[in-house]
Amino acid sequence: GAVVSQHPSRVICKSGTSVKIECRSLDFQATTMFWYRQFPKQSLMLMATSNEGSKATYEQGVEKDKFLINHASLTLSTLTVTSAHPEDSSFYICSSRSTDTQYFGPGTRLTVL
Amino acid sequence: AQTVTQSQPEMSVQEAETVTLSCTYDTSENNYYLFWYKQPPSRQMILVIRQEAYKQQNATENRFSVNFQKAAKSFSLKISDSQLGDTAMYFCAFMNPGLGSSNTGKLIFGQGTTLQVKP
């Protein structure tokens, strides 16, 4: 149980375009989901907390207008990177909270050319 | 604010041997959860083990066990009979479950320890 999917696994886009990443909890409902960013060989950096039916809570230093989060249902949260630039290239990971444990998606590798 | 520290950036162990990964944390809370997650080269984060602070008994999951020392704020992970598939980056994490609308169940991660299991 506690399976989280993430789509796409890899995406390459041109600078200035927008990219949407989906995160789904497949076998449980999650009122809270999280989005992280991870650089190679480093720890996970929390970007924002996504709450079903309400606005996301962003961590300090994360641009909410650039990283749009929508949590429209109990099983789906999306992260849209708007007007992507090469410095947005990274590995993005989502997680879903089930009781008091977070379960993670497989991640999305974003490359902005 | 809570912090989590993993003081061993890299470790290695021979296959079939035992290795212990260290983790310390700082909090003023009494009720919380601690976790070890594993991130293999695929980069999928996998839950290894979970400990509830109010439980004195150390959690175990097959070859994985923890030494939870609440007073010392220490939470080490022991891997017995190491296997090649245990090669991964291991993250220690803290969660304050809290109560009310301000509680989101955020995880506070340590810096990670890269474990190499050698044949």
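It should be noted that the structure appears before, not after, this text.
Quick caveat, the model's predicted, so the values are computed rather than measured. (Residues numbered from 1 in each chain as written. Chains lettered and ligands numbered in written order. Predicted model: local features only at pLDDT ≥ 70, side-chain atom pairs only at ≥ 80, totals over all residues. Heavy atoms only, no water.)

(A) View of the pairing of strand S10 (residues 101–104) of chain A. Residue and element names in this part refer to chain A. As judged from the four bridges shared by strand S9 (residues 90–98) and S10, these two strands associate in the antiparallel manner. Considered in S10, the bridge of Arg 97 is made with Gln 102. With antiparallel pairing between neighbouring strands as the criterion, S9 and S10 make up a hairpin whose turn holds two residues, including Thr 99 at a positive phi of roughly 50°. (Pairing = 2+ DSSP bridges. Helix = DSSP H or I, 4+ residues; strand = E, 2+ residues; numbered from the N terminus.)

(B) Inspection of the packing of aromatic side chains at higher detail. With the rule as written, the count across this model stands at 15 aromatic pairs over all chains. Ring geometry for Tyr 36 of chain A versus Phe 109 of chain B: centroids 5.9 Å apart, planes at 80°, classification edge-to-face. With Tyr 36 of chain A in strand S4 (residues 32–38) and Phe 109 of chain B in strand S11 (residues 107–109), the pair connects residues from two separate chains. An identical accessibility class is assigned to Tyr 36 of chain A and Phe 109 of chain B; each is buried. Relative to Phe 109 of chain B, the ring of Tyr 37 of chain B lies with its centre 6.2 Å away and its plane at 55°, an arrangement referred to as tilted. Placement of the pair is Tyr 37 of chain B in strand S5 (residues 33–39) and Phe 109 of chain B in strand S11, with a sequence separation of 72 residues. Of the two residues, Tyr 37 of chain B and Phe 109 of chain B, neither departs from the other in class, the shared state being buried. An aromatic cluster of at least three residues, connected via ring pairs, comprises Tyr 36 and Phe 104 of chain A together with Tyr 33, Phe 35, Tyr 37, Phe 91 and Phe 109 of chain B. The residue whose ring lies beneath Arg 43 of chain B is Phe 91 of chain A, and the NZ or CZ to ring-centre distance is 4.1 Å. (Phe/Tyr/Trp six-rings, centres within 6.5 Å; stacked < 30°, edge-to-face > 60°. Buried < 20%, exposed > 50% of the residue type's maximum accessible area, 1.4 Å probe, protein only. Lys NZ or Arg CZ within 6 Å of the ring centre and 35° of its normal.)

(C) Here's a closer look at the environment of Gln 44 of chain B. Structurally, Gln 44 of chain B can be placed in the loop between S5 and strand S6 (46–52). Those residues in contact with Gln 44 of chain B, other than ones at most four positions away along the chain, are Phe 104, Gly 105 and Pro 106 of chain A together with Lys 38 and Gln 39 of chain B. At 3.4 Å, the side chain of Gln 44 of chain B and the backbone oxygen of Gly 105 of chain A are in polar contact. (Contact = heavy atoms within 4.5 Å. Polar contact = N/O pair within 3.5 Å; in protein donor to acceptor, adjacent residues only side chain to side chain.)

(D) The pattern of salt bridges, seen in detail. All names here are of chain A. With the rule as written, the count across this model stands at eight salt bridges over all chains. Between Lys 66 and Asp 88 there is a salt bridge, and its shortest N-O distance comes to 2.9 Å. Placement of the pair is Lys 66 in the loop between strand S6 (57–58) and strand S7 (67–73) and Asp 88 in the loop between strand S8 (76–81) and S9, with a sequence separation of 22 residues. The exposure classification of Lys 66 matches that of Asp 88, with both residues buried. Across the pair Asp 100 and Arg 97 runs a salt bridge, and its minimum N-O distance is 2.7 Å. (Salt bridge = Lys/Arg side-chain N within 4 Å of Asp/Glu carboxyl O.)

(E) Seen up close, unusual backbone geometry. With an omega of 0°, the peptide bond between His 7 of chain A and Pro 8 of chain A qualifies as cis. Relative to the assigned elements, Pro 8 of chain A resides in the loop between strand S1 (4–7) and strand S2 (10–13). Of note in the backbone geometry, Thr 99 of chain A takes a positive phi value of approximately 50° without being a glycine. With respect to the helices, strands and loops of the structure, Thr 99 of chain A is situated in the loop between S9 and S10. Unusually for a residue other than glycine, Arg 43 of chain B sits at a positive phi of about 75°. As for its placement among the helices and strands, Arg 43 of chain B is situated in the loop between S5 and S6. You can call Arg 43 of chain B buried: its relative accessible area is 13%.

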